[in-house]
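Residues per chain, in single letters:
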Amino acid sequence: MRKVYIAGHRGMVGRAILRRFERRKAAGEALELLTRSSAELDLTDQAAVRDFMQAERPDVVILAAAKVGGIHANNTYPADFIYENLMIECNVIHQAFAAGVRSLLQLGSSCIYPRDVAQPMREDALLTGVLEPTNEPYAVAKIAGIKLCESYNRQHGVDYRSVMPTNLYGPSDNFHPENSHVLPALIRRFHEAQRDGLDEVVIWGSGEPRREFLHVDDMADAALFVLDLPHEVYAANTQPMLSHINIGSGEDISIADLAALVAEVTGFKGKITQDTSKPDGVMRKLMDVSRLGGLGWQARIQLDDGIRETYAWFLSQAEIDLRSK
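Residues numbered from 1 in each chain as written. Predicted model: local features only at pLDDT ≥ 70, side-chain atom pairs only at ≥ 80, totals over all residues. Heavy atoms only, no water.

Even after reading the chapter, I still don't get the overall build of the protein, so can you show me in this structure?
Counting its regular elements, the protein contains 11 helices and 12 strands. Relative to a compact globule of 325 residues, whose C-alpha radius of gyration would be 20 Å, the protein shows 19 Å and is just as compact. Along the first, second and third principal axes, the C-alpha atoms of the protein reach 60 × 40 × 40 Å. Going through the 325 residues of the protein one by one, you find that 53% of them count as buried. Taking the contacts inside the protein whose residues are at least 6 apart along the sequence as the reference set, 82% of them involve residues at least 24 apart. Across the protein, the mean location of the 35 positive side-chain charges is 3 Å away from that of the 44 negative side-chain charges. (Helix = DSSP H or I, 4+ residues; strand = E, 2+ residues; numbered from the N terminus. Rg over C-alpha atoms; globule rule 2.2 N^0.38 Å. Buried < 20%, exposed > 50% of the residue type's maximum accessible area, 1.4 Å probe, protein only. Contact = heavy atoms within 4.5 Å. Lys, Arg positive; Asp, Glu negative; His and termini not counted. Charge placed at Lys NZ, Arg CZ, Asp CG, Glu CD.)

Structure (structure tokens):
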């Protein structure tokens, strides 16, 4: 029986990955799934992570735990973002190795790429230029996670892999009005405007930047696809110190068009205006997913369908959750 530890199972991505493993287990695969909440296991605590790994000795570790947020959160709490993410990565990756874990999958972010990188962003663009200042501390931490995995592979012969997803959305997303990413923030803003009968919604920035979005269920499928690749296939399609794989839909949309789509889904009929005093961030972020496509995986959930599903989840559950935030 294979013992799998999913770090961050209560987050949007971790929940989706856990659901995939639970389906596999229900279908007959011999799996023991390990999870711990942040209250049960503080991943920034080296001794606690060491004790957990030594006691449980998983066969596979999925590192989906991270401190994440949008532009506002990254600008406001840069020390928190770099410290907590570095500590999580160092503790989980090193203590997994110390406990004999041979297989690990680390989830990163598209913000690892330089601000002015050519689009779509190829894996080999990593460390070729200056990062976007608004989320540089988080990006540095996620780059360090990649290099940790690669360095342990080189020195110790383990099989630690990294995937870099584009902007994710879906059930269990964070809908906080200031600390969430753009799509869930828009869903909440347009929902509240429609609910309250407002005739205008203001969105941050010019509306011109283009972003790529991937449903979290597609992300979970892709992550396990990469995890399951035979070692020789993974090695043949990567390099020892350039081993991460992009995960995305391969398509992007302007923030203005995204806002219009969210307005349609939520039933908002009023005016959409832009607050140009707010930062845009980088003007375009689109992943080059040709490596993953060449290996045989592609996204299946269309953006409009995914937003409708996410909004339905929001209506059924998030209103209750938001009262406690």
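Having put the structure on the table, let's press on.
I keep staring at the packing of helix α1 (residues 12-26) against helix α7 (residues 216-228) and nothing clicks. Help me out?
The relative placement of two packed helices is expressed as an angle between their axes plus a distance between the axes. Where α1 meets α7, the closest approach of the two axes is 9 Å, and the angle between their N-to-C directions is 60°. The orientation of α1 relative to α7 falls into the category oblique. You can see that α1 and α7 cross each other, and the crossing is right-handed. Touching M12, V13, A16, I17, R19, R20, F21 and R24 of α1 are V216, D217, M219, A220, D221, A223, L224, L227 and D228, all from α7. (Axes fitted to C-alpha atoms, helices over the stretch in contact; angles between N-to-C directions. Parallel < 35°, antiparallel > 145°, perpendicular 65-115°, else oblique. Left-handed = near helix turned anticlockwise from the far one by under 90°.)

Can you walk me through α7 in this structure?
Residue pairs three or four apart in sequence face the same way in an α-helix, which turns once every 3.6 residues. An ideal rise of 1.5 Å per residue puts 18 Å on 13 residues; α7 measures up with 18 Å between its terminal C-alpha atoms. Burial within α7 is extensive, with 10 of its 13 residues counted as buried. Listed as buried for α7 are V216, D217, D218, M219, A220, A222, A223, L224, V226 and L227. (Expected span 1.5 Å × (residues − 1).)

What am I meant to see in the nonpolar core here?
Counting residues in each nonpolar core, the largest one holds 33 residues, and the members touching the most others are I17, F21, I62, L107 and M219. For this core, the secondary-structure elements that each account for two or more residues are β1 (2-7), α1, β2 (31-34), β3 (60-63), β4 (103-107), α7, β9 (245-247) and α10 (290-295). Per element, the largest residue contribution to this core is eight residues, and it comes from α7. When residues no more than four places from it in sequence are discounted, the contact partners of I17 are I6, I62, L107, A220, A223 and L224. (Core = buried A, V, L, I, M, F, W, Y, C linked by side-chain atoms within 4.5 Å.)

How do you make sense of the environment of L242 when you look at a structure like this?
Mapped onto the elements, L242 comes out in the loop between α8 (231-236) and β9. When its relative accessible area of 12% is taken as the criterion, L242 is described as buried. Along the sequence, L242 and R211 sit 31 residues apart, while their C-alpha atoms lie 24 Å from each other. If we skip the residues at most four places from it in the chain, L242 touches E123, D124, L126, E150 and R291.

Could you clarify how one ought to interpret the sheet that holds β4 in this entry?
Whether parallel or antiparallel, the strands of a sheet pair through hydrogen bonds between backbone atoms. An order of β2-β1-β3-β4-β5-β9 is seen for the six strands of this open sheet, with the pairing classed as parallel. For this open sheet the edge positions go to β2 and β9, each flanked by a neighbour on one side alone. Between one strand axis and the next, the sheet turns through 20° on average, direction left out of account. When strand β5 (residues 159-165) meets β9, the two strands line up parallel, connected through three bridges. Counted as the bridge partner of M164 is N246 from β9. Against the sheet, helix α5 (residues 136-156) engages β4 and β5, with an angle of about 155° to β5. (Pairing = 2+ DSSP bridges.)

Explain the environment of D304 here, please?
On the secondary structure map, D304 appears in helix α11 (residues 303-322). Along the sequence, D304 and V262 sit 42 residues apart, while their C-alpha atoms lie 8.5 Å from each other.

Quick question: what am I supposed to make of the pairing of β3 here?
For a regular strand, the rule is simple: side chains alternate between the two faces of the sheet. Residues of β3 alternate between two faces, with V60 and I62 on one and V61 and L63 on the opposite face, all of them buried. When β1 meets β3, the two strands line up parallel, connected through four bridges. Looking at the pairing, V4 lines up with V60 of β3. Of the pairings in the sheet, the one linking β3 to β4 comprises four bridges and is parallel in character. The partner of V61 across the bridge, within β4, is L104.

Sorry if this is basic, but what is going on with unusual backbone geometry here?
Residue P120 follows Q119 across a cis peptide bond; omega there is -10°. The residue P120 is located in the loop between β4 and α5 in this model. Look at R57: it is not a glycine, yet its phi comes out positive at around 45°. Residue placement: R57 occurs in the loop between α2 (46-56) and β3. Residue classification places R57 among the partly exposed positions, given a relative accessible area of 42%. Unlike most non-glycine residues, S172 shows phi in positive territory, near 75°. For S172, the location among the structural elements is in the loop between β6 (167-169) and α6 (182-196).

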